[in-house]
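The chain contents come next:
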Amino acid sequence: MDKDKKIYYIAVESGEISRGETSSTWSFKIKATDEEITELRSLFNDNYANEWKNFIRAHIPFIEYHHDKENNAIDEKLKQIYQAIHDLGDEQAKKHIEEMGILSENPLA
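Attention here is on the structure that accompanies the text. Just so you know, these numbers come straight off a predicted model, no measurement behind them.

### As for the side chain of Ser18
Alright, step 1. Secondary-structure assignment places Ser18 in strand S2 (residues 16–18).
Alright, step 2. On the accessibility criterion, Ser18 (10% relative accessible area) is buried.
Alright, step 3. One polar contact links the side chain of Ser18 to the main-chain amide nitrogen of Gly20, over a distance of 3.1 Å.
Alright, step 4. Those residues within four positions of Ser18 in sequence are excluded, and the remaining contacts are Tyr8, Tyr9 and Ser23.

Next up, the structure:
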């Protein structure tokens with residue numbers, strides 16, 4: 001199974017998944033199958049759609065951030081993205097995500 005995995009470089013901010021280490025700036029190195037990359041790409045696409053909804057909602061100033069379902073959707077999708085990267089990532093990726101505290105139930109703990 002591991003032989004079917006390839007190395008990919010991930011930039012969460014731009015939603016970029018690259019096979020080339022030098023093709024762009026990246027934050028995380030992962031090993032994944034074609035199916036796992038398809039799932040990760042789907043998470044990035046969903047997050048992009050949520051960001052557009054949030055952009056449109058941002059022009060309605062009377063909705064507070066903590067009552068904004070579009071922001072909640074983005075936050076949840078980002079957690080799913082970081083969880084996938086953590087599951088597929090090298091040791092450095094895993095350590096960095098764990099230090100971020102984004103996957104814990106109480107990140108301030």
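Structure's up, so let's keep going.
### Some remarks on the pairing of strand S3 (residues 28–32)
Alright, step 1. Alternating positions in S3 separate cleanly, Phe28, Ile30 and Ala32 being buried on one face and Lys29 and Lys31 remaining unburied on the opposite face.
Alright, step 2. By the bridge criterion, five bridges tie strand S1 (residues 6–11) to S3 in an arrangement that is antiparallel. Within S3, the residue paired with Tyr9 across the bridge is Lys29.

### Quick look at the nonpolar core
Alright, step 1. Core analysis: the biggest nonpolar cluster contains 18 residues, and Ile10, Phe28, Ile30, Leu40 and Ile85 have the highest contact counts within it.
Alright, step 2. The set of elements that each furnish at least two residues to this core consists of S1, S3, helix H1 (34–57), helix H2 (69–88) and helix H3 (91–100).
Alright, step 3. With five residues, H2 is the largest single contributor of residues to this core.
Alright, step 4. What Phe28 contacts, discounting residues up to four positions off in sequence, is Tyr8, Tyr9, Ile10, Val12, Tyr82, Ile85, Ala93, His96 and Ile97.

How each quantity is defined
- Throughout, residues of each chain are indexed from 1 in the direction in which the sequence is written.
- Local features in a predicted model are, by the rule used here, given only for residues with pLDDT of at least 70; side-chain atom pairs are given and counted only at 80 or more, and totals for whole chains, interfaces and linings are based on all residues.
- Processing note: side-chain calculations cover all non-hydrogen atoms of the structure and skip hydrogens and water entirely.
- Only runs of H or I of at least four residues qualify as helices and only runs of E of at least two qualify as strands under DSSP, and these elements are numbered from the N terminus.
- Per-residue accessibility, obtained with a 1.4 Å probe over protein chains only, is compared with the maximum for each type, and a residue is labelled buried under 20%, exposed over 50%, and partly exposed between these values.
- In the analysis that follows, any N or O atom pair within 3.5 Å is treated as a polar contact, provided that within protein one partner can donate a hydrogen and the other can accept it, and provided that, for residues neighboring in sequence, both atoms belong to side chains.
- We call two residues in contact when some of their heavy atoms are within 4.5 Å.
- What makes two strands pair is DSSP finding at least two bridges between them.
- Definition used in this section: a nonpolar core is a set of buried Ala, Val, Leu, Ile, Met, Phe, Trp, Tyr and Cys residues joined via side-chain atoms within 4.5 Å.

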